[in-house]
Amino acid sequence: MFWVLLLLLAWAVAGTACTRLCLAAAHAAAMDTKDATAGLGHDLTLYEAAFLSGGPRRVADLTLVSMARQRRLLLARTGWATVVDPRGRDDMERSVIGAIGPEGQSRIEPVRDAAAAADAVGSLADRLVSAGLAVPDGARTGIAAAIRRVRLAAAVVLALGAVALLAPARSGMPAHLVALWFALPFVLTLSCLAIARIEIHPYARWASPAGQRLLNALVRRSRSADDRTNLTSVAVRGVRAIGEPDLRAAFAHRDPPGGA
């Protein structure tokens, strides 16, 4: 009855992983219920919209694009950023200027990374979490880790089923019945992953459900063709929403291997 022991192990692995995913989802749902009124009367700034849409890196990208459009920062197609006006108008801009360095020129990619990790972005994240508009880091990583465990459990169940089928003796149990028994915990893991994709996906983003509602309202209000609307598109959709070909090329540029 060696295959029975493997089946019990498969159920244990699948059951533990699915239980952890359910607990993570319940925790996220409880946070959503607690913050059901979050964001009422709150108008998102562009920085807040950028964070809720794409996290810290999106905030850095928005700041770079905003400064470039105001001609206070030059973003070249070759992937270099050059400071034109060294006076930052807010903490985000000062973080970008500080990331470029005292020489006033740097590659864009390390500037994006450094600005995204700056204290100004961290403070913005803390305010949004406190307001119930952003998903706390622990909840977001907890759900992501739980989903990874369920995926791993599905692979383990398959592996255990294969070992059981290849075992030399199954006490007369037909192979198709053994496969059917192992299919049950495998279906359990797949069902949990399917439900997670439908029900838990909103909690895995940067914005909480309340933050998502504010983002949707911001997008609906942005229908004109002014510069703020263009920046709103960058905040919500990222650098792919940049209309200027030169600016878009600056963010897309990558050095060849071994290049300067």
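Scoring rules and cut-offs
- Residues numbered from 1 in each chain as written.
- Predicted model: local features only at pLDDT ≥ 70, side-chain atom pairs only at ≥ 80, totals over all residues.
- Heavy atoms only, no water.
- Helix = DSSP H or I, 4+ residues; strand = E, 2+ residues; numbered from the N terminus.
- Contact = heavy atoms within 4.5 Å.
- Axes fitted to C-alpha atoms, helices over the stretch in contact; angles between N-to-C directions.
- Parallel < 35°, antiparallel > 145°, perpendicular 65-115°, else oblique.
- Left-handed = near helix turned anticlockwise from the far one by under 90°.
- Nonpolar A, V, L, I, M, F, W, Y, C, P; charged D, E, K, R; others polar.
- Phe/Tyr/Trp six-rings, centres within 6.5 Å; stacked < 30°, edge-to-face > 60°.
- Salt bridge = Lys/Arg side-chain N within 4 Å of Asp/Glu carboxyl O.
- Buried < 20%, exposed > 50% of the residue type's maximum accessible area, 1.4 Å probe, protein only.
- Disulfide = S-S within 2.5 Å.

**Student:** Could you clarify how one ought to interpret the overall build of the protein in this entry?
**Tutor:** Summing up its helical and strand segments, the protein has 11 helices and three strands in all. Start at the N end of the protein and walk to the C end: the helices and strands fall as α-α-α-β-β-α-β-α-α-α-α-α-α-α. For the protein, long-range pairs separated by at least 24 residues make up 75% of all intrachain contacts whose partners lie at least 6 apart in sequence.

**Student:** Teacher, can you tell me more about the packing of helix α3 (residues 56-69) against helix α5 (residues 108-116) here?
**Tutor:** The relative placement of two packed helices comes down to the angle between their axes together with the axis-to-axis distance. Contact geometry for α3 and α5: axes closest at 8 Å, N-to-C directions at 120°. Between α3 and α5, the crossing angle belongs to the class labelled oblique. α3 and α5 meet at a crossing whose hand is right-handed. Counting all contacts with α3, which are made through Pro56, Arg57, Ala60, Asp61 and Leu64, the residues of α5 involved are Ile108, Glu109, Val111, Arg112, Asp113, Ala115 and Ala116. Grouping the constituent residues of the contact of α3 with α5 by class yields seven nonpolar, no polar and five charged.

**Student:** For this particular structure, what's the right way to read the packing of aromatic side chains?
**Tutor:** The description of an aromatic ring pair uses the distance of the two centres, along with the angle that the planes make with each other. Enumeration over the complete set of coordinates arrives at one aromatic pair. Considering the side-chain rings of Phe51 and Trp206, the 5.4 Å spacing of their centres and the 65° angle between planes classify their relative orientation as edge-to-face. Linking Phe51 in helix α2 (residues 46-54) with Trp206 in the loop between α8 (175-200) and α9 (209-221), this pair joins segments that are 155 residues apart in sequence.

**Student:** Honestly, the packing of α3 against helix α4 (residues 91-100) in this entry has me stumped. Any pointers?
**Tutor:** Across the interface, α3 lies against α4 with an axial gap of 10 Å and an inter-helix angle of 90°. As summarised for this structure, α3 and α4 are arranged roughly perpendicular, according to the angle between their axes. Taking contact as the criterion, the partners of Val59, Thr63, Leu64 and Met67 in α3 are, on α4, Met92, Glu93, Val96 and Ile97. Grouping the amino acids of the contact of α3 with α4 by side-chain chemistry returns six nonpolar, one polar and one charged.

**Student:** In this structure, what is going on with the pattern of salt bridges? I would like to understand it.
**Tutor:** When charged atoms on two side chains of opposite charge get close, those side chains can pair. Summed over all chains, the structure comprises nine salt bridges. Its salt-bridge partner being Arg77, residue Asp246 comes within 2.6 Å of it at the nearest N-O pair. Taken together, the residues span a long stretch of sequence, with Asp246 in helix α11 (residues 245-252) and Arg77 in the loop between β1 (73-75) and β2 (80-83) at a distance of 169 residues. A relative accessible area of 44% means that Asp246 is categorised as partly exposed. Where Asp85 meets Arg87, a salt bridge forms, and the shortest distance between an N and an O atom there is 3.2 Å.

**Student:** Just to check I follow, could you spell out the environment of Leu247 for this structure?
**Tutor:** The topology assignment puts Leu247 in helix α11. Considered as a pair, Leu247 and Gly79 are 168 residues apart in the sequence and their alpha carbons are 9.5 Å apart. Apart from residues no more than four positions distant in its own chain, Leu247 is found in contact with Val65, Ala68, Arg69, Leu75 and Ile242.

**Student:** Looking at this structure, how should I read the state of the cysteines?
**Tutor:** Taken as a whole, this structure holds zero disulfides when the rule is applied. Cys22 takes part in no disulfide bond, and the closest cysteine sulfur, belonging to Cys192, lies 5.1 Å away. Between Cys192, a free cysteine, and Cys18, which holds the nearest cysteine sulfur, the sulfur-to-sulfur gap is 3.2 Å. Taking relative accessible area as the criterion, Cys192 reaches 13% and is therefore assigned buried.

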